[in-house]
Amino acid sequence: MTAALVRALGDLAHRAAHASGGCSCPPPVVLADRDDGTVVRSGPVVAKAHAAGTDTADLAARLRLAAGTGRADTLLAPLPGTDLAELHGRPVTLWPHGEPVDPGDPDAAPWEEAGALLARLHRTGIRGPLPAMRGPVKAALAVARMRTARPGDPAVEPVLTAWRGLPGWARGEAPSPAGRGTYLCHGDLHLGQLVRHPAPYGPWLLIDVDDAGLGDPAWDLARPAAWYAAGLLPPEVWIRFLDFYRAGGGPAVPVDGDPWPALDVPARALTVQTAALAWAKSAAEGRDPDEVERVMIDACARIASLPPELAAEHTS
């Protein structure tokens, strides 16, 4: 992140919030600063600088998706009357501010609403071209980032072994399985992708369409499934999330019975992605992985220890 980019984003958001004149707003606030985007808020408007190298044609298609009629109860729409812009060589978009999930109150996390929103998203009919969902590509980028951060480190070998045990489509190297790649997917579902709009008491909506597109809907259930399998998400929370998804007619899993045959490969891919990012981030910060990161790294070691015939059965 550069100070110049943050100032430019803050100015852009402020002008969008107060096109008619001056005000006494507090200074802009940086909401996020990651490799995949810098987000700055000024009052009721949020400006996002997307990752360098973003395909702007694909991003424009995703913005049209979020702004389209019929998605108002599922996706947060970009700020009306604004277009894709550019600042400091990066594509920039403007959004209304929504109230995020409170990380300090895990018991109030909207898992049921997340399940219902995903079901509604996955049932959405698509008109016009839309790029592929980028979930598997993001997993591959995480593994590449780990390799760069820890070259030759034997500690990461279980993560790489688990990665190599996945089918090509889960590594972003091939299309989704026949019949599974035609659903509208979010591509990067986690609780940070939900906000209430209008803030602070409006309905929950999904944000961040950077990775949205056509793909296997099971991918959007994969992160909570991976957390559940690793012991980070309590069984009762996982069941509530899954029940609401099924009640909403979500197509990723059967309406009853064991969901795991549909979720196994995506959940293992998200386990690898999370572990790879844990190794990369801890290396960048000069520390050992923390307790939660270690849980996902250990889960990769268990995946890597699967007999070859069992791994092949799970990836078919």
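In this text the structure is predicted, and so the values were computed from the model without any measurement. (Residues numbered from 1 in each chain as written. Predicted model: local features only at pLDDT ≥ 70, side-chain atom pairs only at ≥ 80, totals over all residues. Heavy atoms only, no water.)

So, the overall build of the protein chain
Assigned secondary structure in the protein chain consists of 10 helices and 10 strands. Taken against the 2.2 N^0.38 rule, which gives 20 Å for 316 residues, the C-alpha radius of gyration of the protein chain at 20 Å falls within 12% of a compact globule. Considering only C-alpha atoms, the protein chain reaches an extent of 65 × 45 × 40 Å along its principal axes. Once local pairs closer than 6 in sequence are excluded, the contacts in the protein chain between residues at least 24 apart make up 71%. (Helix = DSSP H or I, 4+ residues; strand = E, 2+ residues; numbered from the N terminus. Rg over C-alpha atoms; globule rule 2.2 N^0.38 Å. Contact = heavy atoms within 4.5 Å.)

Some points on the sheet that holds strand 8 (residues 194–196)
Backbone-to-backbone hydrogen bonds join strands into a sheet, with any given pair of strands oriented parallel or antiparallel. Ordered by their spatial adjacency, 3 strands build an open sheet running 6-8-9, and the pairing between neighbours is antiparallel. Looking at which strands have only one partner, the edges of the open sheet turn out to be strand 6 (99–100) and strand 9 (204–206). By the bridge criterion, 2 bridges tie strand 6 to strand 8 in an arrangement that is antiparallel. What sits directly across from Pro100, in strand 8, is Val195. Strands in contact with helix 3 (residues 111–122) are strand 8 and strand 9; relative to strand 9, the strand with the most contacts, it is inclined by about 50 degrees. (Pairing = 2+ DSSP bridges. Axes fitted to C-alpha atoms, helices over the stretch in contact; angles between N-to-C directions.)

Focus on the pattern of salt bridges
Enumeration according to the criterion identifies 17 salt bridges in this entry. With a closest N to O distance of 3.0 Å, Asp36 and Arg34 form a salt bridge. When its relative accessible area of 26% is taken as the criterion, Asp36 is described as partly exposed. In this structure, the salt-bridge partner of Asp153 is Arg150, at a minimum N-O distance of 3.3 Å. Here the salt bridges share partners, and the residues they tie into one network are Arg34, Asp36, Arg134, Lys138, Asp188, Asp211 and Arg223. (Salt bridge = Lys/Arg side-chain N within 4 Å of Asp/Glu carboxyl O. Buried < 20%, exposed > 50% of the residue type's maximum accessible area, 1.4 Å probe, protein only.)

Let's talk about empty space enclosed by the protein
Summary: where empty space remains is shown by rolling a probe the size of a single water molecule over the atoms. Tallying each qualifying case throughout the model produces 1 cavity of 30 Å³ or more. Taken together, Gly187, Asp188, Leu189, Trp219, Asp220, Ala222, Arg223, Pro224 and Leu270 form the lining of the largest cavity. Examining the composition of the lining of the largest cavity, we find that 5 residues originate from one element, helix 6 (residues 218–230), more than from any other. (1 Å grid on protein atoms, 1.4 Å probe; cavity = no way out; pocket = protein on both sides within 12 Å on 5 of 7 lines; lining within 4 Å. Points joined across faces, edges and corners; volume = space filled by probe spheres on them.)

Overview of the side chain of His97
Relative to the elements of secondary structure, His97 occurs in the loop between strand 5 (90–96) and strand 6. On the basis of relative accessible area, His97 is assigned to the buried category, the value being 14%.

Here's the deal with the environment of Ala162
Of note, Ala162 is situated in helix 5 (residues 157–164). Each C-alpha atom of the pair Ala162 and Tyr228 lies 18 Å from the other, and the pair is 66 residues apart in sequence. Not counting the four nearest positions on each side in its chain, Ala162 is found in contact with Val272, Cys300, Ile303 and Ala304.

Side note on the pairing of strand 1 (residues 29–34)
In this sheet, strand 2 (residues 37–42) lies alongside strand 1 in antiparallel orientation, the contact comprising 5 bridges. Note on strand 2: the bridge partner recorded for Ala32 is Val39. Joining the antiparallel neighbours strand 1 and strand 2 is a turn of 2 residues.

Structural notes on the nonpolar core
Counting residues in hydrophobic clusters, the biggest one holds 75 residues, and the most contacted among them are Val159, Leu194, Trp219 and Leu221. When residues of this core are assigned to their parent elements, the largest contribution, 10 residues, is made by helix 8 (residues 260–284). The contact partners of Leu194, leaving out residues within four places of it in the chain, are Glu99, Pro100, Val101, Pro110, Ala114, Leu117, Leu189, Trp204, Leu205, Leu206 and Ile207. Counting residues in each nonpolar core, the second largest holds 14 residues, with Val6, Ala8, Val45 and Ala47 among its members. (Core = buried A, V, L, I, M, F, W, Y, C linked by side-chain atoms within 4.5 Å.)

A short note on the confidence of the model for the protein chain
For the protein chain, the average pLDDT comes to 91, and 96% of its residues sit at 70 or higher. Taken as a whole, residues 309–316 scores under 50 in pLDDT and shows 10 contacts with residues more than four places along the chain or in a different chain. (pLDDT = per-residue confidence, 0-100.)

Here's the deal with the packing of helix 4 (residues 135–149) against helix 8
Helix 8 packs onto helix 4 with a crossing angle of 35 degrees between their chain directions and a minimal axis gap of 8 Å. The interaxial crossing formed by helix 4 with helix 8 has left-handed handedness. Within the contact between the two elements, helix 4 uses Gly135, Lys138, Ala139, Ala142, Val143, Arg145, Met146 and Ala149 and helix 8 uses Ala269, Val272, Gln273, Ala276, Leu277, Trp279, Ala280, Lys281 and Ala283. In terms of residue class, the contact of helix 4 with helix 8 is built from 12 nonpolar, 2 polar and 3 charged. (Left-handed = near helix turned anticlockwise from the far one by under 90°. Nonpolar A, V, L, I, M, F, W, Y, C, P; charged D, E, K, R; others polar.)

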